[in-house]
Amino acid sequence: MGKIKILSEEVANRIAAGEVIERPASVVRELVENSIDAGATQIIITIEDGGKRLIQVIDNGFGMSEDDALQSFERHATSKIRTITDIFHISSLGFRGEALPSIASVSQLTLITREEGKDIASKVEFNSGRLSDFSKTSSNKGTTVTVRKLFSNVPARKKFLKSTQVEYKHILNYIHYQSILFPNIHFRFISDGKEKLNHPSVQNKEMRMQAIFGSDFLKRDLIKIQTGNEQLRLEGYISGLEDEFSGFLDYKYLYVNNRFIKDKIIFHSIRTAYEPFIKKLRIYQKGKLPPFILFLNVEPSQVDFNVHPAKLEIRFRDPGIVHNFVKTAINNILLQYEEERFRQIKSKLSSSFQTGKTTKFESKIFKNKTDKKRFNQVKKEFQQIYQPDIFKEKTPEDKTLESKLIQQRPDLFVRPEEEMINPWQLHQSYIFVQVEDGLMIIDQHAAHERIIYEKILHRIHGAPAQTQKLLFPIVIDLPPHLRNTIPELISENLEIFNKIGFSIKTFSGNSIVIDEIPIELEDWDGGDIFIEIIKQLEDEFSETEDFRDSISKSVACKAAIKAGKKMSKKEMLALINDLFACEVPYFCPHGRPLIIKMNLNEFEKKFKRTS
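Since the structure is predicted, the reported quantities are computational estimates derived from the model, not experimental observations.

### Describing the overall build of the chain
No. 1: Helix and strand content of the chain: 21 helices and 21 strands.
No. 2: With 611 residues in all, the chain has 45% of them scored as buried.
No. 3: Long-range pairs, those at least 24 residues apart, make up 68% of the contacts in the chain between residues at least 6 apart in sequence.
No. 4: As presented, the chain carries roughly 32800 Å² of accessible surface, and 51% of it is formed by carbon and sulfur atoms.

Structure (structure tokens):
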């Protein structure tokens, strides 16, 4: 008897579900995209327990006939593709025909649908992939899909779900993505009985962006981009350089042919386009992209959307052409932006009736375009890196004085610690220390991050908080898209925030008031640091369910000294001593090494002293 068997329909559906349905947000995505393809002008999404207990999507779209309602649960059943050619000219969102059978195989699913012009609706019920009931009922035009107990029959999959808060945030983010793309659709979102989002239909994407990000969104330092040809067209908004990528509006939305996509090729082209400008202005956060909302349209035959079960990745027929098009378009518009700002600044500075002082950003642009460095300026810059006293030999007078002191009071004389260890900095980022058998190199930011991280964890577990009271309380107004997440995040974890050293109050869900902060946050920067902490916390918390660990990492990252900060020898020694008092002194809170040791033998090999 042969070993190769054909999988049963039940097993095949569960495998497909594992590819298509990763978490509750995956279910919401598939159902909402079906509603959009069905011509809906109103979509209501309701969830409970972050979607783990209930997901319901109601639309007023075309609806389905009785036959289609049943047929839609067959694998690869779809109304969007007829021939092989259609696969390469996809214009709809849902095209695989796997969503409904995949969802039904890992949940309790009920579908109610009625076509326009019909009096009776069809009701289909599935339990763990098996049809349990089919009947007639009454309903409004459109389709309602109710999904209960997601992954209850697949415990191994259920274990991988994150906390209710994390799963809720994934769903909320997805609704934001789609509501920007389809401003003509009225989106409502209800979580655990509370309406979290209500975006009536509007005339254009800009009006929807203002509804999501706040009425002042388009007044920020944004650059509108609109360019293209027959094959490629790019529209949307990119961040200017003045905001320095700070604040809550850390949006990175990329749409290709009306689909929200995460594409490394385009992300790289955006980063490459910005590099000449952000390096000059020294505002680039390594590894991060500046904010953008971009809509790229590609000739359908030049892109394949059928490469990822979750439809988040795509493949371009000629990725080089796409990369160069996006990079060139953004680079050119940034160049125009910089030239225009320079003309404005020059006019402002040359005017005999100046309307006001130049901003820090304006000074940077003007200095960058007008200053020609002299030799003495270059020398001055390098003096910050070069520390001539590091290798300075003791003079005969110093040795004589030291010898006399030792003879007179040998029991009390102690050489200063910085003289014994003699640390020094490289590029104001790395601390070098000579050890007995070689050299130890310490990443100063990562080391300080580890120190603060462990201090904060100790506070959370009982050590007294060390705080500093602000002279004037900071009031932070939240943009609309964060009013449903940040206040709840704070209120649910207020005790932890207090233990760390924050004194926080929320008002009407729209504002946060802070009057005390942890003592480590020296550069408070008018509250922007708290915004940065919250932004990073959202990223950290999506990776772990332990809020205490996530907030400790976020605060430590923002409170730690940065690369590029010049440190005195005493500061370096204090850092080294605090580091080796840590429980885990060799790795930063994210697991990256923060110490490198090089033995003398390695140096001898480099200089060909030994083989």
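### Describing the sheet that holds strand β6 (residues 142–148)
No. 1: Strand order in the open sheet formed by 8 strands is β5-β4-β3-β6-β2-β1-β7-β8, with mixed pairing between adjacent strands. Each end of this open sheet is capped by a strand with a single partner; those strands are β5 (130–137) and β8 (194–199). Geometrically, the sheet is characterised by an average inter-axis angle of 10° between neighbouring strands, direction not taken into account.
No. 2: In the sheet, strand β3 (residues 108–114) pairs with strand β4 (residues 121–127) via 6 bridges, with the strands oriented antiparallel. Bridge pairing links T113 to S122 in β4.

### Section: the pairing of strand β9 (residues 222–228)
No. 1: Taken together, the 7 bridges between β9 and strand β10 (residues 232–239) define a ladder with antiparallel strand orientation. Counterpart to I223 in the pairing with β10 is I238.
No. 2: Two successive antiparallel strands, β9 and β10, enclose a turn made up of 3 residues.

### Things to note about a nonpolar patch on the surface
No. 1: On the surface, a cluster of nonpolar side chains totalling about 360 Å² of accessible area is made up of F580, V584, Y586 and F587.
No. 2: Among the structural elements, V584 can be located in the loop between α20 (569–579) and β21 (595–599).
No. 3: Assessed through its relative accessible area of 35%, V584 is described here as partly exposed.

### Description of α20
No. 1: Looking only at α20, the buried set comprises M572, L573, L575, I576 and L579. In an axial view of α20, the angular spread of the buried residues amounts to 160°, which keeps them on one side of the axis.

### A few points about the sheet that holds strand β17 (residues 438–443)
No. 1: Strand order across the open sheet formed by 4 strands is β15-β16-β17-β21, with antiparallel pairing between neighbours. Each having just a single partner strand, β15 (424–426) and β21 make up the two edges of the open sheet. Averaged over all pairs of adjacent strands, the angle between strand axes in this sheet comes to 30°, irrespective of strand direction.
No. 2: Where β15 and strand β16 (residues 430–435) come together, 3 bridges link them in antiparallel fashion. Among the inter-strand pairings, W424 is bridged to a residue of β16, identified as F432.
No. 3: Here helix α15 (residues 444–460) sits on the sheet in contact with β15, β16 and β17, set at roughly 65° to β17.
No. 4: Those strands touched by α20 are β15, β16, β17 and β21, and its axis lies near 75° from that of β16.

### Some details on the side chain of R450
No. 1: Within the secondary structure layout, R450 lies in helix α15.
No. 2: R450 gets classed as buried once you look at its relative accessible area, which sits at 7%.

### Some thoughts on the pattern of salt bridges
No. 1: In total, this model carries 16 salt bridges according to the counting rule given.
No. 2: Across the salt bridge formed by R29 and E30, the nearest N and O atoms sit 3.2 Å from each other.
No. 3: Residue class for E30 comes out buried when judged on its relative accessible area of 4%.
No. 4: The closest approach of N and O atoms between K597 and D437, which form a salt bridge, is 3.2 Å. In this pair, K597 is assigned in strand β21 and D437 in the loop between β16 and β17, connecting sequence segments 160 residues apart.
No. 5: The class for K597 is partly exposed, based on a relative accessible area of 45%.

### Some details on helix α19 (residues 547–559)
No. 1: If you check α19, its first and last C-alpha atoms are 18 Å apart, about what 13 residues at 1.5 Å a residue would give, namely 18 Å.
No. 2: Most of α19 sits inside the fold, with 12 of its 13 residues counted as buried.
No. 3: Those residues of α19 that sit buried are F547, D549, S550, I551, S552, K553, S554, V555, A556, C557, K558 and A559.

### Quick notes on the packing of aromatic side chains
No. 1: For the structure shown, the criterion picks out 18 aromatic pairs.
No. 2: A ring pair is formed by Y177 and F260, whose centres lie 3.7 Å apart and whose planes are at 10°; its orientation type is stacked. Residue Y177 is located in helix α7 (residues 164–181), and its partner F260 is located in the loop between β11 (252–256) and α9 (264–281); the two are separated by 83 residues in the primary sequence.
No. 3: One aromatic cluster is present, built from ring pairs that chain together Y177, F213, F217, Y251, Y253, Y255, F260 and F295.

What counts and what doesn't
Residues numbered from 1 in each chain as written. Predicted model: local features only at pLDDT ≥ 70, side-chain atom pairs only at ≥ 80, totals over all residues. Heavy atoms only, no water. Helix = DSSP H or I, 4+ residues; strand = E, 2+ residues; numbered from the N terminus. Buried < 20%, exposed > 50% of the residue type's maximum accessible area, 1.4 Å probe, protein only. Contact = heavy atoms within 4.5 Å. Areas by Shrake-Rupley, 256 points an atom, 1.4 Å probe, with all protein chains shown as cover. Pairing = 2+ DSSP bridges. Axes fitted to C-alpha atoms, helices over the stretch in contact; angles between N-to-C directions. Patch = residues over 30% accessible without salt bridge, like charges linked within 9 Å, V, L, I, M, F, W, Y side chains within 5 Å. Salt bridge = Lys/Arg side-chain N within 4 Å of Asp/Glu carboxyl O. Arc of directions from axis to C-beta. Expected span 1.5 Å × (residues − 1). Phe/Tyr/Trp six-rings, centres within 6.5 Å; stacked < 30°, edge-to-face > 60°.

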